[in-house]
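Spelled out, the chains give:
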Amino acid sequence: MTPRPETSTPAAWLAPDAPTFAVVGKVNMGKSAVLATLLEEDDDAIIRISNEPGETTRCQRLSLILDGAERLRFIDTPGFQQPIEALRAIRALAEHPERGPGPADLKRFVERYRDTDTFVDECVLLAPILEGAGVIYVVDPGARLHDAFIAEIEILRLSAGPRLAVLNPKTDKAPSHEDAWRAELGKAFNLVRTFNAFAARFKARRELLAALNQIDERDRDHLDTTMALLDTEWQQRRERAAEHIQDFLRRALLHREHAHFDEQAPVPESARRDAVRQASHRYFRRITALERETANMLLGLYRHTAIQAEAMAAIGEDLDLASDETWRRLGLTRQQLTFVGAAVGASAGVGLDAATLGHSLGIGALIGGIGGGALAFFKGDAIPTLRLDFARVGALGGRRVTLGPPRNPNFAWVLLDSVLIRYRQILSRAHARRGDVLPHDAAPSASITRLLPGDRQKAVARWLRDVARGRDSDERTRAARDALIDTLAAIEREL
């Protein structure tokens, strides 16, 4: 979804080929927040969200673009300032006072006050509605229903177009007057829906967009197509997210770090330890950086443009790959590693070295699947020990140390867990939220990979083995990708 801001002359508020809705309400009721989350826009330069009243002072056009075409148009309007006085003026201008005001009197009101200093905001917000835009009226059910709100509802009732009321609770702590609001709104609006702009997930956004289909059947075919395009785009995002995650795991498993030391140094063992220590530090720092880069790609994919790597550094720093706690709460359990290792190792005993990321102790070809499972069990909870190789460089006795990948078979699963947790946090973040850093889910039960069905675990494990062996076959890459896509969809359903 791509919102496109644009101010316009009154004659151009309506879209020729897309339903148009004016988003209206009292000042500071959350109109802009609803639009920000509905259209996935977290850039204050496009949709400004503030606790200060009166941030929206003119109408602003925002378009929902799908498949390169404008599918819906929304007009963010200034809030009502004098609804009671405006309703009184509308009634005074009524052509037939005995019958009460109607749409023509609403138009007469705007024409009367449009070029004056009276009812400035009311005239601005009514302009697109009089042109033919539908109405989305946003209120906070935590606010008490009083005369000013009743006047707003009555003014909007006079419009001839479709009308949807949105209850946008600003906080769960405020006393709710939802029943009173629903009773009053039901008299003037085609439909009333609840939508928490600061907590809504994709499902809630989709349901609100689908509700537009229920208030004006003339646009049913267009809106049905819009929803189909929206679902297609969302599925494409899942697929791209799975590809990003696979690329991260591949790069992490194939990464190596090098360091050099001099065998002729006064204390060669000390020089050797220093080289290993430096290479190990660089190795885990690089893996953490790759994980953060992947998180940023996922943020961009889901249109969280205001949060970059610097803002997410706190999460990345929490992924301490040398910490026992990380290995206790992330990755597979020892029992799961046993089963997965056995299933993968059984298909090719000689592949056990790769299946366990190098820690086979030379027995893979002898004990096949049983050895794979047993080995995974005994090493399941250990902090990763990097594979270590030494090579002589030059004729003067220099040595090169090569580190990576970790021998621990749980290493890749810990990394997968970390990025899946990030994915869950990204999907949970509403676009109306501004400026705060995503908290890291550090609960002991945070692991997602432990809850995967066995067939998905095996598909991913077979692909990880291929990657470690440098083969990365198309068939197993696709199978692992499909398993990841299913996992991303399951995360979404659980939110």
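The rules behind each value
Residues numbered from 1 in each chain as written. Predicted model: local features only at pLDDT ≥ 70, side-chain atom pairs only at ≥ 80, totals over all residues. Heavy atoms only, no water. Helix = DSSP H or I, 4+ residues; strand = E, 2+ residues; numbered from the N terminus. Buried < 20%, exposed > 50% of the residue type's maximum accessible area, 1.4 Å probe, protein only. Contact = heavy atoms within 4.5 Å. Areas by Shrake-Rupley, 256 points an atom, 1.4 Å probe, with all protein chains shown as cover. Phe/Tyr/Trp six-rings, centres within 6.5 Å; stacked < 30°, edge-to-face > 60°. Lys NZ or Arg CZ within 6 Å of the ring centre and 35° of its normal. Core = buried A, V, L, I, M, F, W, Y, C linked by side-chain atoms within 4.5 Å. Pairing = 2+ DSSP bridges. Polar contact = N/O pair within 3.5 Å; in protein donor to acceptor, adjacent residues only side chain to side chain. pLDDT = per-residue confidence, 0-100. Salt bridge = Lys/Arg side-chain N within 4 Å of Asp/Glu carboxyl O. Axes fitted to C-alpha atoms, helices over the stretch in contact; angles between N-to-C directions. Parallel < 35°, antiparallel > 145°, perpendicular 65-115°, else oblique. Left-handed = near helix turned anticlockwise from the far one by under 90°. Nonpolar A, V, L, I, M, F, W, Y, C, P; charged D, E, K, R; others polar.

Draft legend 1. Spotlight on the overall build of the protein. Helix and strand content of the protein: 17 helices and 10 strands. Counting over 495 residues, the protein shows a buried share of 52%. In the protein, 75% of the contacts between residues at least 6 apart in sequence involve partners at least 24 apart. Counting every atom, the protein has about 21,900 Å² of accessible surface; 49% of that belongs to carbon and sulfur.

Draft legend 2. Summary view of the packing of aromatic side chains. Taken as a whole and judged by the stated rule, the model has 10 aromatic pairs. Consider the rings of Phe-149 and Trp-181, whose centres lie 4.8 Å apart with planes at 70 degrees: the pair is edge-to-face. Taken as a pair, Phe-149 in helix H5 (residues 147-157) and Trp-181 in helix H6 (residues 178-185) lie far apart in primary sequence, 32 residues in all. Take Trp-181: its relative accessible area is 0%, and that puts it in the buried class. Chaining the aromatic ring pairs together yields one cluster made of Phe-202, Trp-234, Tyr-302 and Tyr-423. We note Lys-26 situated over the ring of Phe-149; from NZ or CZ to the ring centre the distance is 6.0 Å.

Draft legend 3. Quick look at the nonpolar core. Among the nonpolar cores identified, the biggest contains 81 residues, and Phe-74, Ile-136, Leu-209, Leu-212, Trp-413 and Leu-416 are the most heavily contacted of them. Examining the composition of this core, we find that 12 residues originate from one element, helix H15 (residues 411-428), more than from any other. By size, the runner-up hydrophobic cluster in this structure holds 38 residues, among which are Ala-22, Ile-75, Leu-126 and Ile-153.

Draft legend 4. Fine view of the pairing of strand S10 (residues 398-406). Counting buried positions along S10 yields 8 of 9 residues, so the element is predominantly enclosed. Direction of pairing for strand S8 (residues 257-262) relative to S10: antiparallel, over a ladder of 6 bridges. Its bridge partner being in S10, His-258 is matched across the sheet by Thr-402.

Draft legend 5. Fine view of unusual backbone geometry. Even without a glycine there, the phi angle at Asp-67 is positive, about 55 degrees. Looking at where Asp-67 falls in the secondary structure, it is placed in the loop between strand S3 (60-66) and strand S4 (69-76). The residue Arg-303 is not glycine, and still its phi comes out positive at about 60 degrees. Positionally, Arg-303 belongs in the loop between helix H9 (268-301) and helix H10 (313-318).

Draft legend 6. Region of the structure containing the environment of Arg-456. Position of Arg-456 among the secondary structure elements: in helix H16 (residues 454-468). Between the C-alpha atoms of Arg-456 and Asp-486, which are 30 residues apart in sequence, the distance is 8.5 Å. If we skip the residues at most four places from it in the chain, Arg-456 touches Ala-483, Asp-486, Thr-487 and Ala-490. A polar contact of 3.3 Å, which involves the side chain of Arg-456, links it to the side chain of Thr-487.

Draft legend 7. Structural view of the confidence of the model for the protein. With 78% of its residues at a pLDDT of 70 or more, the protein shows a mean pLDDT of 81. Of all secondary-structure elements in the protein, the lowest mean pLDDT belongs to helix H14 (residues 364-379), at 32, while strand S6 (residues 163-167) reaches the highest, 97. Per-residue pLDDT stays below 50 along residues 309-318; that stretch engages in 25 contacts with residues further than four places along the chain or on separate chains. Counting contacts from residues 348-383, a segment whose pLDDT is below 50, to residues more than four positions away or on other chains yields 67 contacts.

Draft legend 8. Molecular detail of the pattern of salt bridges. For the coordinates displayed, the defined rule picks out 25 salt bridges. Salt-bridge contacts for Glu-40 lead to Arg-237; the nearest nitrogen and oxygen are separated by 2.7 Å. Of this pair, Glu-40 sits in the loop between helix H1 (31-38) and S3 while Arg-237 sits in helix H8 (residues 220-254), placing them 197 residues apart in sequence. In this structure, Asp-231 engages Arg-206 in a salt bridge whose closest nitrogen and oxygen atoms are separated by 2.7 Å. Linking Asp-231 in helix H8 with Arg-206 in helix H7 (residues 202-211), this pair joins segments that are 25 residues apart in sequence. On the basis of relative accessibility, which here comes to 30%, the residue Asp-231 falls in the partly exposed class.

Draft legend 9. Geometry of the packing of H5 against H6. Where H5 meets H6, the closest approach of the two axes is 11 Å, and the angle between their N-to-C directions is 30 degrees. One element, H5, and the other, H6, form an angle in the roughly parallel class. The element H5 and its partner H6 pack so that their crossing is right-handed. For the pair H5 and H6, contact is made by Phe-149, Ile-150 and Ile-153 and by Trp-181, Glu-184 and Leu-185, respectively. Broken down by class, the residue content of the contact of H5 with H6 amounts to 5 nonpolar, no polar and 1 charged.

Draft legend 10. Region of interest: the side chain of Arg-73. Among the secondary structure elements, Arg-73 is positioned in strand S4. Side-chain polar atoms of Arg-73 contact the side chain of Glu-70, separated by 2.9 Å. For Arg-73, the contacting residues outside a window of four places in its chain are Ala-12, Trp-13, Leu-14, Ala-15, Pro-19, Thr-20, Phe-21, Arg-61, Leu-62 and Ser-63.

Draft legend 11. Just the environment of Glu-239, in detail. Tracing the sequence through the fold places Glu-239 in helix H8. Note on Glu-239: relative accessible area 25%, which makes it partly exposed. Between the C-alpha atom of Glu-239 and that of Ala-489, which follows or precedes it by 250 residues, the distance is 10.0 Å. Setting aside anything within four residues of it in sequence, one finds Glu-239 in contact with Arg-481 and Ile-485.

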